[in-house]
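Each chain, letter by letter, is given below.
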Amino acid sequence: MRDFVQRAVEILNVGENKDRVSLVQYSRDAAVQFYLNTYTTKSEILDIVRGMRHKGGRPLKTGAALQYLIDNVFTASAGSRRLEGVPQLLIALIGGRSFDNVDTPASALKEMGVLTFAIGTRGSDARELQKISQEPSNAVSVSDFTDLPSVQEKLRSSMETVIVEVTPESPTVLVDDDTARRDVVFLLDGSDGTRNGFPAMRDFVQRVVENLNIGENKDRVSVVQYSRDSKVHFNLNTHTTKEDIVDTVRGLRHRGGRPLNTGAALQHVRDNVFTASSGSRRQEGFPQILIVLSGGLSSDNVDTPASALKSDGVLIFGIGTRNSSREVQRIASDPNYAQSVSDFSDLPNVPQTFIASLNTIGVEETPTTPTVEVDQRTARRDVVFLLDGSDGTRDGFPAMIDFVQRVVDRLNVGENKDRVSVAQYSRDAEVHFNLNTYTTKNDIVDTVRGLRHRGGTPLNTGAALQYVRDNVFTASSGSRRLEGVPQMLILLNGGRSFDNVDTPASALKEQGIVVFGIGSKSSDSRELQRISYEPSYAIAVSEFTDLPNVQEQLSAAMSTVIVRATPITPTVTVERSAPGRDVVFLLDGSDGTRNGFPAMRDFVQRAVEILNVGENKDRVSLVQYSRDAAVQFYLNTYTTKSEILDIVRGMRHKGGRPLKTGAALQYLIDNVFTASAGSRRLEGVPQLLIALIGGRSFDNVDTPASALKEMGVLTFAIGTRGSDARELQKISQEPSNAVSVSDFTDLPSVQEKLRSSMETVIVEVTPESPTVLVDDDTARRDVVFLLDGSDGTRNGFPAMRDFVQRVVENLNIGENKDRVSVVQYSRDSKVHFNLNTHTTKEDIVDTVRGLRHRGGRPLNTGAALQHVRDNVFTASSGSRRQEGFPQILIVLSGGLSSDNVDTPASALKSDGVLIFGIGTRNSSREVQRIASDPNYAQSVSDFSDLPNVPQTFIASLNTIGVEETPTTPTVEVDQRTARRDVVFLLDGSDGTRDGFPAMIDFVQRVVDRLNVGENKDRVSVAQYSRDAEVHFNLNTYTTKNDIVDTVRGLRHRGGTPLNTGAALQYVRDNVFTASSGSRRLEGVPQMLILLNGGRSFDNVDTPASALKEQGIVVFGIGSKSSDSRELQRISYEPSYAIAVSEFTDLPNVQEQLSAAMSTVIVRATPITPTVTGKTLTIV
């Protein structure tokens, strides 16, 4: 058999993008020798095949082995390219009759398109071989396996034919991760009649879920079971990971009961599951899918609730048995979406194409949009009438009023039902009443009856459309657009517009507002079609007295919209669970803008109107400036739109001169874009600055403008003809964000451009990694400032003080959070306050403000460094170094030291203290030597230039605790932050027999320093040579003693050859999994420590890359017999590969390993669930 495989492989064209090969051996159970993506060269495969040992075991379970292939080998993660259309071939060599049933898995393989060749001996069952094979002619028998060469040629020719002929069926193409956002509900018949079939129903659900892309913002799943009544096992928003869903489904119990009320169950999922509160995203336009498994005829009516679900846009798939197949066809959205099985134990035989078709929903399928009128209980619409009140419609206006009344009379008016607004326009527009003004039909009709014709010329329809968009279709005016309620505008128009209608009409469509344009013979029919949501929504009458003739046409179109309309731009709307934006308005309040100030005020109001204001949504601040700046309100002052608008309306012009825009920008950096003022910049919330500037600045804007850009603030600068266009471009994030108007009364002309730019930011902007603050639970740092207070820094000391305040502002101060100490030195050192003196930011800032310059000489920086090491970074002074908290020292030194700095600096670094340094032209080189890394040293001409220190440098201090940790590996990390999954993979081949006891000792010593516990550090140990085995999994032991006891008892396995690649693949597939205790999907750092004593006989690159892609950090430790380059390729980074001469030298690298592991604790982030990488960048 082994020779046969070798000969078959020899004729293949092996390569990653060519032929791939996998080998599985089975008896009672199956074992993979290697996967389709394990090896990419023919020589590697042949080496493994030649060295393969017979497995042994009984009985022979071919059925289970075939199922194993379906679940574990013919999958994308194992290297199968089935979904890419690559032919799938299975060659089975079977020497006996199976002890289990082969029919179901064999059929499943055929439905998956796998072409199976079964070769048996005289001990095999010929019929069984034919069942397994794709076609009976693909089943071949030999007297015994020594005769295999006689069938080799036949097999080769059959295989070559397949390459040309076989192509995948299109429905098996999965949806791309970015588009797979579906809400999928399973409705399972749990009545008495399905008791025996329920395990198969459960398995079916698991199979479908396996193919979904589960996640809060991806596919969501709910499961409901029913008989007489319905029980929701979990809602669409209950679970956000595939593992949680599959675990819950496995544990489902059959409920039983009768009669079977399928109709009531359908109604239940419509009313209780396909709802926003249960996690449905129907109103956001996401596909809604219901999969019904029904085993009998319903005792109640299914047609009405099924029709209602279809009207809601829910796509229904159904699987029934012989008792229910016709009813299931009626329930399903389409007969093709219904399947029948004899009973549910046959669910594995449901065609793969049917299951795969579920995965195409969201790309190929859209819910039907029936034109039937929707039930009044579900009709929630916001309907706005816009009436042409110009001079040309005076005679027709009474007919318009009657028409509005008749349309309203058919609506279901109420606060939580239909809402109505009416506006009238000619030259400009006015609202008669808003969507939230009246809640009863009578009030609306009474007001409409009393409307008077306005008159006026010219007719500005474009401006009127813009007006209703900005002032009526807003949350403050009662619009429920952001809740997904259909928005409709009914325009009654009597003439051609004098202004442009295209831009505002497009803006309405982009917001999902459905416009119906009704015009008379004086209207421009093409213009009406361009205004209307679709050309067919433009309706013409000869005179307005003919409006009753089009009432039915309008009503039918409106009824369609209720079902079909969803918010068109769900990814652009601001309302969502994640924080929105921090928007700061900076207004030029100098003497030169007095006349334009009302227009500036109106501009701010309009901009605020389109924001989604709230504490955890959009925040707004307003600053006015001239010579100096004054905050009208901070980002955390108001949390409602109405409060902000009230303040803006009442705002007075500041006045004053000269205009200092540079100082105003610096003011924003120091006072507004700060955590204490409500900025969420450090949480990754987009920061926007909108500056309205009416003149050229009297001071320099370059430095603060650059600082804002480095902070990631997106600035839009709007100026007038009195402004400096180049200055505006310098201030703006990009030149295209600088806009000029002739004067501020023209601001409405740029409002739309600004709005679209701002909405783009919501989607695209992500925080730069260095500005990400550590979460409250992990932000625990001890930060010490060491300030040069010698005679040479007298003039620069106020700037040093301000710098300390700026850094402290960005810290998360608290007894169990960040702690701060300040020390000043010259000849000797003085501690102003220790790490445990102050526990609030306010106390620290107050004390820093009051610091006085000490003076003195000479400058003894070395003695000062030694002083903080001996007296400040100590437990008695509040240091938590022994608990594993990051220790940070920030040195500000203005001159060369009179004593030696190298020895105390090295001692601090050895203690794990991370040193940042800022020096002047006199001290910059010395400061570089003191700092932990040259990148951690900055130079300024003198300390008055400290505000110019790059924001990225200051922000990098805040990442310590995420990306940096102290090198203090000998101490135990605090139990609240240390959560790691650590796997040891030990080379147990013949070549490591003598060194194995030293490996065991090393593992014990590493474990001894871990903080072991179920919710703390977890440990697993595996050993390998030819193949790998796990001694215990990550969830086997929860105490250090149990782990150490087991490790002490480990025996050396022995064996050749050494297959490190296969071992890496093994731990990836079997150890770093949720079922084995891995918490990778929860974001817990994953570490693999490989102890290796020789060069691998198989390829290590593919499995090593796979581990890295999953975010698993590999440390490779090898002896002199190892291949150092191979170890570097295996390790997460080349620096994580460590060499020893013999394994008895392992204690010498313990510190190096521990230091690297400590860094990973905070740096690693989960790769899979959020699909976010290690670093974020601003787009």
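Residues numbered from 1 in each chain as written. Predicted model: local features only at pLDDT ≥ 70, side-chain atom pairs only at ≥ 80, totals over all residues. Heavy atoms only, no water.

A. Representation of the overall build of the protein chain. Of regular secondary structure, the protein chain possesses 36 helices and 35 strands. Put simply, the protein chain has 1179 residues, and 56% of those count as buried. Residue pairs in contact within the protein chain that sit at least 24 positions apart in sequence constitute 77% of those at least 6 positions apart. (Helix = DSSP H or I, 4+ residues; strand = E, 2+ residues; numbered from the N terminus. Buried < 20%, exposed > 50% of the residue type's maximum accessible area, 1.4 Å probe, protein only. Contact = heavy atoms within 4.5 Å.)

B. A look at the side chain of Arg-781. Positionally, Arg-781 belongs in the loop between helix H24 (748-764) and strand E24 (782-788). Take Arg-781: its relative accessible area is 1%, and that puts it in the buried class.

C. Expanded view of the sheet that holds strand E35 (residues 1137-1139). An order of E32-E31-E30-E33-E34-E35 is seen for the six strands of this open sheet, with the pairing classed as mixed. The two strands at the open ends of the sheet, each matched to only one other strand, are strand E32 (1028-1032) and E35. Direction aside, neighbouring strands of the sheet carry axes that sit 20 degrees apart on average. The pairing of strand E31 (residues 1018-1024) with E32 spans four bridges and is antiparallel. Across the sheet, Val-1021 pairs through a bridge with Phe-1032, a residue of E32. (Pairing = 2+ DSSP bridges. Axes fitted to C-alpha atoms, helices over the stretch in contact; angles between N-to-C directions.)

D. Fine view of the nonpolar core. One finds Phe-984, Leu-986, Ile-1089, Phe-1115, Leu-1153 and Met-1157 to be the most contacted residues of the largest nonpolar core, which totals 36 residues. Contributions of two or more residues to this core are made by strand E30 (981-987), helix H31 (996-1008), E31, helix H32 (1040-1048), strand E33 (1086-1092), strand E34 (1112-1118) and helix H36 (1150-1163). For this core, the leading source of residues is H31, giving eight residues. Beyond its immediate chain neighbours, meaning those up to four positions away, Ile-1089 contacts Val-982, Val-983, Phe-984, Leu-985, Val-1006, Phe-1115, Ile-1117, Leu-1153 and Met-1157. If you look at the next biggest cluster of nonpolar residues, it comprises 35 residues, including Val-408, Ile-444, Ala-557 and Met-558. (Core = buried A, V, L, I, M, F, W, Y, C linked by side-chain atoms within 4.5 Å.)

E. Fine view of the packing of aromatic side chains. Within the structure shown, the criterion is met by eight aromatic pairs. Ring centres of Phe-34 and Tyr-39 lie 5.3 Å apart, and the angle between their planes is 65 degrees; this geometry places the pair in the edge-to-face category. Each member of the pair, Phe-34 as well as Tyr-39, is classed as buried. In this structure, Arg-880 packs its charged tip against the face of Phe-885, placed 4.6 Å from the ring centre. (Phe/Tyr/Trp six-rings, centres within 6.5 Å; stacked < 30°, edge-to-face > 60°. Lys NZ or Arg CZ within 6 Å of the ring centre and 35° of its normal.)

F. Quick peek at the pairing of E30. Of all seven residues in E30, seven are buried; the element is thus mostly enclosed. Of the two faces of E30, the one carrying Asp-981, Val-983, Leu-985 and Asp-987 and the one carrying Val-982, Phe-984 and Leu-986 are both buried. For E30 and E31, the ladder comprises seven bridges, and the chain directions are parallel. What sits directly across from Asp-981, in E31, is Arg-1018. As a crossover connection, the stretch from E30 through H31 into E31 is right-handed. Two elements, E30 and E33, share six bridges in a ladder whose sense is parallel. Each residue of the ladder has a partner; that of Asp-981, found in E33, is Gln-1086. (Right-handed = clockwise from strand over helix to strand, strands pointing away.)

G. Geometry of the packing of helix H19 (residues 597-609) against helix H20 (residues 641-649). Their axes nearest at 10 Å, the elements H19 and H20 cross at an angle of 175 degrees. Classified by the angle between their axes, H19 and H20 sit roughly antiparallel to one another. On H20, the residues touching Arg-601, Val-604, Gln-605, Val-608 and Glu-609 of H19 are Lys-641, Ile-644, Leu-645, Val-648 and Arg-649. Its residues assigned to classes, the contact of H19 with H20 shows five nonpolar, one polar and four charged. (Parallel < 35°, antiparallel > 145°, perpendicular 65-115°, else oblique. Nonpolar A, V, L, I, M, F, W, Y, C, P; charged D, E, K, R; others polar.)

H. Examining unusual backbone geometry more closely. At the junction of Arg-258 and Pro-259, the peptide bond is cis and its omega measures out at 0 degrees in the coordinates. Structurally, the position occupied by Pro-259 is in the loop between helix H8 (242-250) and helix H9 (262-272). Residue Pro-658 is reached from Arg-657 by a cis peptide bond, and omega for that bond is 0 degrees. The residue Pro-658 is located in the loop between H20 and helix H21 (661-671) in this model.

I. Expanded view of the pattern of salt bridges. The tally for this structure, following the rule as stated, stands at 51 salt bridges. Here Lys-131 ties to Asp-103 by a salt bridge, and the two come within 3.5 Å at their closest N and O atoms. Separated by 28 residues along the polypeptide, Lys-131 in helix H5 (residues 126-132) and Asp-103 in helix H4 (residues 103-111) bring together distant segments of the chain. Looking at Asp-103, the relative accessible area reads 30%, which means it is partly exposed. Notably, a salt bridge pairs Arg-1095 with Asp-1123, separated by 3.2 Å at the nearest N-O pair. You can see Arg-1095 sitting in the loop between E33 and helix H34 (1101-1109) and its partner Asp-1123 sitting in the loop between E34 and helix H35 (1124-1130), a full 28 residues away along the chain. (Salt bridge = Lys/Arg side-chain N within 4 Å of Asp/Glu carboxyl O.)

J. Highlighting the sheet that holds strand E29 (residues 937-939). An order of E26-E25-E24-E27-E28-E29 is seen for the six strands of this open sheet, with the pairing classed as mixed. At either end of the open sheet lies a strand with only one pairing partner, and these are strand E26 (829-833) and E29. Ignoring strand direction, the axes of neighbouring strands in this sheet form an average angle of 20 degrees. When E24 meets strand E25 (residues 819-825), the two strands line up parallel, connected through seven bridges. If you follow Asp-782 over to E25, its bridge partner there is Arg-819. Contacting E24, E25, strand E27 (887-893) and strand E28 (913-919), helix H25 (residues 797-809) runs over the sheet at an angle of about 170 degrees to E24.

K. The arrangement of the environment of Val-741 in detail. Within the secondary structure layout, Val-741 lies in the loop between strand E23 (738-740) and H24. Filtering out sequence-adjacent residues up to four positions away, Val-741 remains in contact with Gly-719, Thr-720, Arg-721, Asp-746, Ser-749 and Val-750.

L. Spatial organisation of the pairing of strand E18 (residues 582-588). Of all seven residues in E18, seven are buried; the element is thus mostly enclosed. Residues of E18 alternate between two faces, with Asp-582, Val-584, Leu-586 and Asp-588 on one and Val-583, Phe-585 and Leu-587 on the opposite face, all of them buried. Pairing of E18 with strand E21 (residues 687-693) involves six bridges; the strand directions are parallel. Within the sheet, the bridge partner assigned to Val-584 lies in E21 and is Leu-689. Across seven bridges, the pairing between E18 and strand E19 (residues 619-625) is parallel. Bridging across to E19, Leu-587 finds its partner in Gln-624.

M. Broad picture of the confidence of the model for the protein chain. Overall, the predicted model of the protein chain reaches an average pLDDT of 85, with 88% of residues at or above 70. Segment residues 163-178 is flagged for pLDDT under 50; beyond a separation of four residues in sequence, or across chains, it makes 24 contacts in the model. Contacts from residues 363-377, a stretch scored under 50 in pLDDT, to residues over four places away or in other chains number 20 contacts. (pLDDT = per-residue confidence, 0-100.)

N. Seen up close, the environment of Pro-259. Relative accessible area serves as the criterion here: at 31%, Pro-259 is assigned to the partly exposed category. Separated by 38 residues in the primary sequence, Pro-259 and Leu-297 place their C-alpha atoms 9.6 Å from one another. Excluding anything up to four places from it in sequence, Pro-259 contacts Ser-227, Arg-228 and Ser-299.

O. Here's a closer look at the packing of helix H7 (residues 198-210) against H8. The interhelical angle for the contact between H7 and H8, taken along N-to-C directions, is 175 degrees, at an axis separation of 9 Å. Compared by their axis directions, H7 and H8 come out roughly antiparallel. Between H7 and H8, the contacting residues are Arg-202, Val-205, Gln-206, Val-209 and Glu-210 on the first element and Lys-242, Ile-245, Val-246, Val-249 and Arg-250 on the second. Looking at the contact of H7 with H8 residue by residue, the class counts come to five nonpolar, one polar and four charged.

P. Summary view of the environment of Ala-998. As for its placement among the helices and strands, Ala-998 is situated in helix H31. Taking the C-alpha atoms as reference points, Ala-998 and Pro-1147, separated by 149 residues in sequence, lie 9.0 Å from one another. Ignoring anything within four residues of it in the chain, the contact list for Ala-998 reads Phe-1143, Thr-1144 and Leu-1146.

Q. Expanded view of helix H27 (residues 861-871). When H27 is considered as a whole, its buried residues turn out to be Thr-861, Gly-862, Ala-864, Leu-865 and Val-868. Looking down the long axis of H27, one finds its buried residues gathered within 165 degrees of arc, a one-sided arrangement. Along its buried surface, H27 packs onto E24, E25, E26, E27, helix H28 (902-910) and helix H29 (924-930). (Arc of directions from axis to C-beta.)

R. Inspection of the side chain of Gln-288 at higher detail. Mapping Gln-288 onto the fold places it in strand E9 (residues 288-294). Dropping the residues within four chain positions of it, Gln-288 is found in contact with Asp-183, Phe-274, Ser-280, Arg-281, Arg-282, Gly-313, Val-314 and Leu-315.

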